[in-house]
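This is what each chain is made of:
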Amino acid sequence: MDESIIVEDLAKSFEGVEAVAGVTFTVRKGELFGFLGPNGAGKTTTINMLTGLARPDAGTIRIGGIDCTANPKAAQHLVGVVPDESNLYQELTGFDNLCFCAALYGMGKTERRARARKLLDNFGLARAADRRFGGYSKGMKRKLTIAAGIIHRPAILFLDEPTTGIDVASARQVRQLIADLHREGTTIFLTTHYIEEAERLCGRIAFIVSGRIVRIDTVERLIQPIKAKHVLQIACANMPDDVHARLTEAFPDLEFSEPANGLIRVEADQPVGVGPLVRLLEMHSAEVVEAKRVRPSLEDIFVRITGIEAAAMRKEKERKGGGR
Amino acid sequence: MKIWIAFWNIMLKDMRTYYLKPPNVSWGIIFPLAWTGMFFIKTGSGLESILTLLPGVVAVSILFGTTSMLAVTVTFEKKNRSFERLLMAPIPLELLMLAKTSGAILFGVANALVPVAIAAFIVNLSQAAWSAFLPAVVLIAVVSTFLGLFIAVAVSEVFEAQTFSNFFRFPMIFLCGLFFPIAKLPVFLKPLSYALPLTYGVDILRWSFAGQNLFPPALDFGVLVIFCVLLFWLSLINVRKRWIV
């Protein structure tokens, strides 16, 4: 069996509002599958249905070959879950939290103690093993929550926004841990709003918008249409209102867009000369602050497909989950 | 075997984290003492009235000991999302809820034994029908715990659980024959007394210590069991409906 997760026509509404509307996808065994979308797109609702925390209104779910649609408990022993918020017990130590989570999956005392020690060691938390979870930093909490998710050696791991709200160094460590788990053969279902994180980690990605999957493909194939593009970003102060029209008129071979206030994005199939663009802008009273070449990324594809600015989505999520 | 490891550890975790904490242990000792003292002062009676007061003190100790804890072990854990961890574990929901309530049941039983132990130093309890008293204490602890569970899963906030618990607990002190005989209640309140589980529990306790009872003990036990099953079943329905949406 090549597929670890098979989801068909999954749907869920809350008080008449469609949260997930007929979602279909498969996740292959050993794959690191990204599930990307703006806030409120239906990512967490989908994860909740896959892990048994929500009941689908329609559709089917098969996990590890087991039909979980009617009985979500049937495949829970195969699955590990790392929720978007660290929900371990504040008053227990790191070690006790891991041992408790292992016991929930029926692991014997000797085995769970050894496994907990090993994971604390692997995750760089050995020295904090006997400290209360409530006293951990955000990054440490995130790492321990991931350790709790894999304590019972699940074949499939659900990671919901694993790096949200933690500092850059911790986020890097967490990404390394995810990559290591993937290398060891764990099937990983990752939701994130950090598009560069998904680009770096995932093999395939699904974009979900308003409860519907708008695109599923490999990162390579998603980026392909823009890979050969040459992109330039120019930051300006005092930008005149008609700058877009003037640029298009002067440079008909180039594509112009304004992703943010005071920012001009230039795309072309050939290398773009900076000089003529800057001169034209300055001629029309715009003050050029910065001009730089940009590597086309998955973020560009995300913006094209969803019409949502990734930066705005990131800010919104960080505002809710605590900035990183 | 595996699910029993989970069951045992959930119960053990709750005992260590909540029930065996000093504030709860002191509550379990001070609360029955305070109730006993209050009634002695109020009635001005001597030591001979201990056997009359003991069933009420035992029942009220169990009732408050169990119901007050469920707001923390269930509602609080649901609120801070650690309960989701339990819901996502491969344990049948029925067993999970039994594991979450077994600590409260044991705590309730332990609370019941405090006033009995104190009374044993003061009066002769050798005539008590222990074979009825002990199962009655366990059943009162179970029914009170499941009443607390029923309330805990019906609300979202800890303060709501505490508030709604009081709506049940305080009327039960007066309506279930704990300290005021049901026979002396106004006629219109009596049906309410008969609709409350503690009435039947206290009836067995009173019979165990003083040989006085309203109903045959077999009927009391039967009604308590029915209340236990009903409250647990309703709580499970509520968890499935409200928490696994």
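Residues numbered from 1 in each chain as written. Chains lettered and ligands numbered in written order. Predicted model: local features only at pLDDT ≥ 70, side-chain atom pairs only at ≥ 80, totals over all residues. Heavy atoms only, no water.

A.B. asks: Which parts of the structure should I look at to understand the confidence of the model for chain A?
C.D. replies: Where the model shows low pLDDT, its predicted coordinates should not be examined in detail. For chain A, per-residue confidence averages 89 on the pLDDT scale, and 95% of positions sit at 70 or higher. Looking at the elements of chain A, mean pLDDT is at its lowest for helix H11 (residues 310–321) of chain A, recorded as 59, and at its highest for helix H2 (residues 94–104) of chain A, recorded as 97. (pLDDT = per-residue confidence, 0-100. Helix = DSSP H or I, 4+ residues; strand = E, 2+ residues; numbered from the N terminus.)

A.B. asks: I tried to follow the sheet that holds strand E4 (residues 58–63) of chain A on my own but got confused; where do I start?
C.D. replies: Residues and elements named next belong to chain A. Across the sheet, which stays open at both edges, the four strands sit in the order E2-E1-E4-E5 with antiparallel pairing between neighbours. What marks the edges here is a single partner per strand, and that holds for strand E2 (17–28) and strand E5 (66–67). Alignment of strand E1 (residues 3–14) against E2, held across nine bridges, turns out to be antiparallel. Across the sheet, Glu3 pairs through a bridge with Arg28, a residue of E2. Along the sheet, helix H1 (residues 43–51) makes contact with E1, E2 and E4, crossing E1 at roughly 120°. (Pairing = 2+ DSSP bridges. Contact = heavy atoms within 4.5 Å. Axes fitted to C-alpha atoms, helices over the stretch in contact; angles between N-to-C directions.)

A.B. asks: Looking at this model, I keep getting lost on the pattern of salt bridges. Mind explaining?
C.D. replies: Opposite charge on two side chains permits them to pair, given that their charged atoms come into close proximity. The full count for this structure, using the stated rule, is 24 salt bridges over all chains. Note that A:Asp57 and A:Lys12 form a salt bridge whose closest N and O atoms lie 3.8 Å from each other. Note that A:Asp57 is positioned in the loop between H1 and E4 and A:Lys12 in strand E1, a separation of 45 residues in sequence. Owing to a relative accessible area of 49%, A:Asp57 belongs among the partly exposed residues under this scheme. Take A:Lys12: its relative accessible area is 6%, and that puts it in the buried class. For A:Lys43, the salt bridge goes to A:Glu161, with nearest N and O atoms at 4.0 Å. Placement of A:Lys43 in helix H1 and of A:Glu161 in the loop between strand E7 (156–160) and helix H5 (168–183) is noted, with a sequence separation of 118 residues between them. The exposure classification of A:Lys43 matches that of A:Glu161, with both residues buried. Taken together, the salt bridges that share partners define one network made up of A:Asp84, A:Glu85, B:Arg81 and B:Glu84. (Salt bridge = Lys/Arg side-chain N within 4 Å of Asp/Glu carboxyl O. Buried < 20%, exposed > 50% of the residue type's maximum accessible area, 1.4 Å probe, protein only.)

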